[in-house]
Amino acid sequence: METRVLEIRKGILNKNDEIARRLRERLHACGLLTVNLVSSPGSGKTAFLQRTLRMLREAGKTAAALVGDLATDNDAKRLAEAGVPVKQITTDGRCHLEAQMVSDHLADWDLRSFEYLFIENVGNLVCPSSYDLGEDVRVVLLSVAEGEDKPLKYPNIFNSADIAVITKMDLAEACEFDLDAARRNLQAVRPGMQTLTTSAKTGTGMSEWIECLSQERRARNSAD
Amino acid sequence: MHELSIAYSVVEIATQSAVEAGATRVKSVHVRLGALAGVVRGALEFSYEIACAGTMLEGSSLVVTELPARVYCAVCGIEVELESVQLFCCPRCDTPSGDLRQGRELDVEYIEVDLPGDEHGNTSAGDTKRNSEQE
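Quick caveat: nothing in here was measured; it's all calculated off a predicted structure.

1. Concerning the overall build of chain A
In step 1: A tally of regular secondary structure across chain A gives eight helices and eight strands.
In step 2: In terms of overall dimensions, chain A is globule-like: its C-alpha atoms have a radius of gyration of 18 Å, near the 17 Å expected for 224 residues.
In step 3: Oriented by its inertia axes, the alpha-carbon framework of chain A measures out at about 70 × 40 × 40 Å.
In step 4: Of all 224 residues assigned to chain A, the portion counted as buried reaches 46%.
In step 5: Residue pairs at least 24 apart in sequence account for 76% of intrachain contacts in chain A once pairs closer than 6 positions are excluded.

Below you can see the structure in the form of structure tokens.
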């Protein structure tokens, strides 16, 4: 019996990364912009997405959404009210979505008929940060009720995101939310990150967000 | 906690390489873990033992090398280690930098395995190595 060293040098999430890479290629071939929404539970992802989907539909854009949830399909039902195709991914207690789950749930959709695909991740600021879902843009949501220091508490996910959206701005005063401090903390963990301030309830900042999506899609498609 | 599923992936990757090399047992697994990989070391170590149970990795040790986050500072013209992942800023000149060069690593670097020797005292891995050198 002899002991030997075997070099491996392989990413532990290699399998997920490879599925995500193939998925991204497939989505790009269809001209889609794919957005992965991550945040803590209760930050307003569903309300934000609901309004986003409705606004896109009203503007004549086509969109679809996948929504990850641990156990219920409540969010999928809410999103379907926006009048666009929505599918639920129930993770059975798992704390994050993986690329294979996304891929499986896209199987019977004609992806060429959509311009935008949204993936509402499981509400969790830790685990989803490690999993590439084949998205073009990762958007992290932060509600005013959570406190300005969330980015400092969860630097991994905020650093891994491309855009930060501050939600529930209609509650900012009641929560004594310090917007400047929040912006400073976001910039501390992700210098240069684009930050939008919104309220899905009043509509504040939502048209800027829609414009941002449209710019991202143009940039994505001209890059191919 | 996603560390358990990460631990199962570690076991799967190590088992595959060990079996391919004709090993009978894995003694240790060496993993590199970046400060921004989104994995808690203690939780991974705890999960590892559970994931190894009943496999050829049972009783093996997990050796974790933690890698700090490093960014490129355009002002200093060098790569620098961040003092904290809560402040992406060059510790020498205070210039913010998001140009991450190290910190997302989450990989199996190498494993140590037991190989059965043949009647000449050579190991199958030794043969594999010689073969690959000839190619």
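Next comes the rest of the write-up.
2. Thoughts on the overall build of chain B
In step 1: The number of helices and strands found in chain B is three helices and six strands.
In step 2: Sequence-ordered secondary structure for chain B, helices as α and strands as β, is α-β-α-β-β-β-β-β-α.
In step 3: Out of the 135 residues in chain B, the part that is buried amounts to 36%.

3. Brief notes about the confidence of the model for chain B
Residues and elements named next belong to chain B.
In step 1: Across chain B, pLDDT averages 89, with 87% of residues at or above 70.
In step 2: Residue range residues 124–135 is modelled with pLDDT below 50. Its contacts to residues more than four positions away, or to other chains, number seven contacts.
In step 3: With a pTM of 0.90, the predicted complex shows an ipTM of 0.86.

4. Re the nonpolar core
In step 1: One finds Ala65(A), Tyr116(A), Val10(B) and Ala14(B) to be the most contacted residues of the largest nonpolar core, which totals 94 residues.
In step 2: Looking at which element gives the most residues to this core, the answer is helix H1 (residues 3–20) of chain B, with seven residues.
In step 3: Sequence-distant contacts of Val10(B), that is, excluding residues within four places in its chain, are made with Ile12(A), Val29(B), Val31(B), Tyr48(B), Ala51(B) and Val108(B).

5. Describing the interface of chain B and chain A
In step 1: On the chain A side, the residues contacting the 35 residues of chain B number 30 residues.
In step 2: In terms of residue count, the dominant contributor to the side of chain B that touches chain A is strand E6 (residues 106–115) of chain B (ten residues).
In step 3: When its residues are assigned to classes, the side of chain B that touches chain A shows 21 nonpolar, nine polar and five charged.
In step 4: Judged from the eight bridges that link them, strand E1 (residues 2–11) of chain A and E6(B) form a sheet pairing that is antiparallel. From the neighbouring strand, Leu6(A) faces E6(B), where its bridge partner is Ile111(B).

6. Some details on the environment of Asp69(A)
Residues and elements named next belong to chain A.
In step 1: Structurally, Asp69 is set in strand E3 (residues 63–69).
In step 2: Separated by 53 residues in the primary sequence, Asp69 and Val122 have C-alpha atoms spaced 5.4 Å apart.
In step 3: Excluding its chain neighbours within four sequence positions, the residues that come into contact with Asp69 are Asp75, Gln88, Thr90 and Val122.

7. Here's the deal with the pairing of strand E1 (residues 25–34) of chain B
Residues and elements named next belong to chain B.
In step 1: Alignment of E1 against E6, held across eight bridges, turns out to be antiparallel. Counted as the bridge partner of Val29 is Ile111 from E6.
In step 2: In terms of strand pairing, E1 meets strand E2 (residues 61–67) through seven bridges, oriented parallel. Its bridge partner lying in E2, Arg32 is registered against Thr65.
In step 3: With respect to chirality, the unit in which E1 leads through helix H2 (residues 41–52) into the neighbouring parallel E2 is right-handed.

8. Focus on the environment of Leu62(B)
All names here are of chain B.
In step 1: Looking at where Leu62 falls in the secondary structure, it is placed in strand E2.
In step 2: Look at Leu62 and you get buried, because 20 C-beta atoms sit within 10 Å.
In step 3: Each C-alpha atom, one on Leu62 and one on Leu33, is 12 Å from the other, the two residues being 29 residues apart in sequence.
In step 4: Apart from the residues lying within four places of it in its own chain, the contact partners of Leu62 are Val29, Val31, Glu45 and Tyr48.

9. Re the sheet that holds E6(B)
In step 1: Read across the sheet, four strands follow the order E1(A)-E6(B)-E1(B)-E2(B) without closing on themselves; strand pairing throughout is mixed. This sheet does not close on itself; its edge strands, each paired only once, are E1 of chain A together with E2 of chain B. Averaged over neighbouring strand pairs, the angle between their axes works out to 15 degrees when direction is ignored.

10. Describing helix H1 (residues 14–29) of chain A
Residues and elements named next belong to chain A.
In step 1: The end-to-end C-alpha separation of H1 is 23 Å, in line with the 22 Å expected for 16 residues at 1.5 Å each.
In step 2: Within the span of H1, buried status applies to Asn16, Ala20, Leu23 and Leu27. Down the axis of H1, the sector holding all buried residues measures 65 degrees, keeping them to one side. Pointing more than 90 degrees away from the buried face of H1 are the exposed residues Glu25 and Ala29.
In step 3: The first or second residue beyond H1 is Gly31, which carries a positive phi of 75 degrees.

Rules and cut-offs
Residues numbered from 1 in each chain as written. Chains lettered and ligands numbered in written order. Predicted model: local features only at pLDDT ≥ 70, side-chain atom pairs only at ≥ 80, totals over all residues. Helix = DSSP H or I, 4+ residues; strand = E, 2+ residues; numbered from the N terminus. Rg over C-alpha atoms; globule rule 2.2 N^0.38 Å. Buried ≥ 20, exposed ≤ 12 C-beta atoms within 10 Å, placed from the backbone. Contact = placed C-beta atoms within 7 Å. pLDDT = per-residue confidence, 0-100. Core = buried A, V, L, I, M, F, W, Y, C linked by C-beta atoms within 7 Å. Nonpolar A, V, L, I, M, F, W, Y, C, P; charged D, E, K, R; others polar. Pairing = 2+ DSSP bridges. Right-handed = clockwise from strand over helix to strand, strands pointing away. Axes fitted to C-alpha atoms, helices over the stretch in contact; angles between N-to-C directions. Expected span 1.5 Å × (residues − 1). Arc of directions from axis to C-beta.

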